[in-house]
Amino acid sequence: MSVTDPISDMLTRIRNAHRALHADLSLPTSKLKFAIAGILKDEGYIGEYAVDGAALNINLKYHGGKPIISGLKRVSKPGRRVYVPAEAIPKVQNGLGISILSTSRGILEGAKARELNVGGELLCEIW
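The written sequence of each chain sets the order in which its residues are numbered from 1. For this predicted model, a pLDDT threshold of at least 70 governs which residues receive local features, and a threshold of 80 or more governs which side-chain atom pairs are given and counted, while totals over whole chains, interfaces and linings are taken from all residues. Heavy atoms from the whole structure form the basis of all side-chain values; hydrogens and water molecules are not counted.

1. Brief notes about the packing of aromatic side chains
- A pair of Phe, Tyr and Trp rings is counted when the ring centres sit within 6.5 Å of each other, with Trp represented by its six-membered ring. The angle between the planes then sorts it: under 30 degrees is stacked, over 60 is edge-to-face, the rest tilted. One pass over the structure, following the stated rule, counts one aromatic pair.
- With 5.1 Å between their ring centres and 65° between their planes, F34 and Y49 make a pair best called edge-to-face. Here F34 is found in helix α2 (residues 31-42), whereas its partner Y49 is found in strand β2 (residues 46-52), with 15 residues between them in sequence.
- Exposure categories follow from relative accessible area, calculated using a 1.4 Å probe and restricted to protein chains: below 20% of the type maximum is buried, above 50% is exposed, and the middle band is partly exposed. Taking relative accessible area as the criterion, Y49 reaches 23% and is therefore assigned partly exposed. Helix and strand assignments come from DSSP, with helices taken as H or I runs of at least 4 residues and strands as E runs of at least 2, each series counted from the N terminus.

Structure, rendered in structure tokens:
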């Protein structure tokens, strides 16, 4: 089955797995999804992740029986792309969340993109 928006599909699978209190999930892999999973791991939102054949396996994290990720939002969509300069990268939940951007230097977390002074396509926000 072909998915028109693989990032939205990834975020929805993470959201659904958290609501069902699953320990891990598996989804089709791509370089973009792998990079997003790397940012989520570095920021402490997920546990380990690995590629197994054509599948990306992600271990989800919980604290006191509640998911670490309380919200996921897809900002730039296939029908409406959202681009931001480095100065306009939003702070998610007053700094308690992260934004993920696709920049000329690769997939970056919002604070890192601000530090490098690069803007790009605002893919999603996570808190």
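2. Here's the deal with unusual backbone geometry
- Phi angles above zero are rare outside glycine, and Q93 is one such case at about 50°.
- Within the fold, Q93 resides in the loop between β7 (83-84) and β8 (98-103).
- For Q93, a relative accessible area of 44% gives the class partly exposed.
- Phi is positive for N117, close to 60°, though the residue is something other than glycine.
- With respect to the helices and strands, the residue N117 is situated in the loop between α3 (110-116) and β10 (120-126).
- Classification of N117 as exposed rests on a relative accessible area of 52%.

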